[in-house]
Amino acid sequence: GGDDGLVRVWDVRAEEAVQEMCATDAHSAVWAIATEGHIAASGCTNGLLQIWDLRATRSCVVTGQAHSDAIAGLQFSPDTKTLVSSSFDSTV
């Protein structure tokens, strides 16, 4: 996310933002997009994890406290049924 608190989804072919979504108060430090392309995950500096549906919504669909420190990495499994997160709190 940007300093303005917005997450922008870009159409790289058209070179324009096609969607803006409001992020949390915490800075979204890492992102992952599922292979299907419509599900995204963001990990924040306060350990918060957010799941986004990029098809229609302008806000996250699931929010949860995943870690006690900043999220350092996110990765969807190939079938997109599992999301793995790692953190500076030394947990996965």
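This text gives an overview of the structure that appears in the document.

## Notes on the overall build of the chain
Okay, step 1: Check the secondary structure of the chain and you find zero helices and eight strands.
Okay, step 2: Counted from the first residue to the last, the chain has its helices and strands arranged as β-β-β-β-β-β-β-β.

## Here's the deal with the side chain of Asp53
Okay, step 1: Mapped onto the elements of the fold, Asp53 is located in strand 5 (residues 48-53).
Okay, step 2: At 2.8 Å, the side chain of Asp53 and the side chain of Arg55 are in polar contact.
Okay, step 3: The residues contacting Asp53, other than those within four sequence positions of it, are His38, Ile39 and Val61.

## Overview of the side chain of Thr80
Okay, step 1: Note on placement: Thr80 falls in the loop between strand 7 (71-76) and strand 8 (83-87).
Okay, step 2: Dropping the residues within four chain positions of it, Thr80 is found in contact with Ala34, Thr35 and Glu36.

## Notes on the nonpolar core
Okay, step 1: Core analysis: the biggest nonpolar cluster contains nine residues, these being Val30, Ala32, Ala34, Ala41, Leu49, Ile51, Ile71, Leu74 and Phe76.
Okay, step 2: Breaking this core down by element, the ones donating at least two residues are strand 3 (28-33), strand 5 and strand 7.
Okay, step 3: Per-element accounting of this core gives the leading share, three residues, to strand 7.
Okay, step 4: Excluding residues that lie within four positions of it along the chain, Ile71 makes contacts with Ala29, Val30, Gly43, Cys44, Gly47, Leu48, Leu49, Ala66, Ser85, Ser86 and Ser87.

Conventions and cut-offs
- Residues numbered from 1 in each chain as written.
- Predicted model: local features only at pLDDT ≥ 70, side-chain atom pairs only at ≥ 80, totals over all residues.
- Heavy atoms only, no water.
- Helix = DSSP H or I, 4+ residues; strand = E, 2+ residues; numbered from the N terminus.
- Polar contact = N/O pair within 3.5 Å; in protein donor to acceptor, adjacent residues only side chain to side chain.
- Contact = heavy atoms within 4.5 Å.
- Core = buried A, V, L, I, M, F, W, Y, C linked by side-chain atoms within 4.5 Å.
- Buried < 20%, exposed > 50% of the residue type's maximum accessible area, 1.4 Å probe, protein only.

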